[in-house]
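Structural description and commentary
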Amino acid sequence: MPNLPDPIRIDVADWTGVLRRGDARHRPKSELTWKNYTLQALSILTGWAREYSTLREVTRDDIIAALQQPTPRGGDGHTRLTALRSLFAFLKARRRIFTNPTRRLSRGLTRRPQPRILTRLPEAAFAELATSAEHTAPSTTSPTLPSPATWATDTADGHGRPICTC
């Protein structure tokens, strides 16, 4: 933490000490937790250290902008938000900041769009599977197991539920 201004470095060192050792009101966090929180927060804090000399100057907009940046080890940023909430809650409880800029931030701020998985085949694909099943030679299919095309058209209704043919 030598790159940080003294007020920020002292605040972060005190926060990390409470995470590691606990205090009268808080139990110590596991080693994995406090190291991960510190890793997530330090990448943001070094950026803020170029602009601010103390964490009192950090605004809600700064937090939101930081959450939009890629995380050091991938992921959706949930741990980053949790680490920043922990840090600023610590500072607010110790009266080192006036307001907590992470208060009432939505979890949705950290969600990254993920590629969608196709959950329903188009009708043309079902028709193609059905015609390929009709042209399949009887010797290639087992009499006890349906062909893949028949299974696909008879088993799922597009929501992963079996179709009742009662």
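The structure this text deals with has already been given above.
The following refers to the structure shown. (Residues numbered from 1 in each chain as written. Predicted model: local features only at pLDDT ≥ 70, side-chain atom pairs only at ≥ 80, totals over all residues. Heavy atoms only, no water.)

Within the chain, arginine 95 stands out as a residue other than glycine whose phi angle is a positive 60°. Tracing the backbone through its elements, the reader meets arginine 95 in the loop between helix 4 (78-93) and helix 5 (123-134). Residue arginine 95 is classed as exposed on the basis of its relative accessible area of 74%. Here the phi dihedral of arginine 104 falls at roughly 60°; this positive angle occurs in a residue that is not glycine. Here arginine 104 shows up in the loop between helix 4 and helix 5. Taking the relative accessible area as the measure of exposure, arginine 104 reaches 69% and is therefore exposed. (Helix = DSSP H or I, 4+ residues; strand = E, 2+ residues; numbered from the N terminus. Buried < 20%, exposed > 50% of the residue type's maximum accessible area, 1.4 Å probe, protein only.)

Three or more residues of helix 3 (residues 60-68) are buried, namely Asp62, Ile63, Ala66 and Leu67. With its buried residues spanning 135° around the axis, helix 3 presents them on a single face. Taken together, the buried residues of helix 3 touch helix 2 (31-51) and helix 4. (Arc of directions from axis to C-beta. Contact = heavy atoms within 4.5 Å.)

So, on to the nonpolar core. Trp15, Leu45, Trp48, Leu55, Ile63 and Phe88 are the most contacted members of the largest nonpolar core, which totals 28 residues. Once residues lying within four places of it in the same chain are set aside, the contact partners of isoleucine 63 are Trp48, Val58, Leu84, Phe88, Pro101, Thr102 and Leu105. (Core = buried A, V, L, I, M, F, W, Y, C linked by side-chain atoms within 4.5 Å.)

Further remarks concern the side chain of threonine 16. Its place among the elements puts threonine 16 in helix 1 (residues 6-21). If sequence neighbours within four positions are ignored, threonine 16 has contacts with Trp34 and Thr38.

Time to look at the packing of aromatic side chains. All told, the structure shown has 1 aromatic pair when counted by the stated rule. Between the aromatic rings of tryptophan 48 and phenylalanine 88, the centroid separation amounts to 6.3 Å while the plane-to-plane angle is 65°, which identifies the pairing as edge-to-face. In this pair, tryptophan 48 sits in helix 2 while phenylalanine 88 sits in helix 4, placing the two residues 40 residues apart along the sequence. There is no split in this pair, since tryptophan 48 and phenylalanine 88 are both buried. (Phe/Tyr/Trp six-rings, centres within 6.5 Å; stacked < 30°, edge-to-face > 60°.)

So, about the packing of helix 2 against helix 4. Helix 4 packs onto helix 2 with a crossing angle of 75° between their chain directions and a minimal axis gap of 8 Å. Here helix 2 is positioned roughly perpendicular relative to helix 4, judged by the angle of their axes. Residues Asn36, Tyr37, Gln40, Ser43, Ile44, Leu45 and Trp48 of helix 2 form the contact with helix 4, whose participating residues are Thr79, Arg80, Thr82, Ala83, Leu84, Ser86, Leu87 and Phe88. Looking at the contact of helix 2 with helix 4, its residues break down into 8 nonpolar, 6 polar and 1 charged. (Axes fitted to C-alpha atoms, helices over the stretch in contact; angles between N-to-C directions. Parallel < 35°, antiparallel > 145°, perpendicular 65-115°, else oblique. Nonpolar A, V, L, I, M, F, W, Y, C, P; charged D, E, K, R; others polar.)

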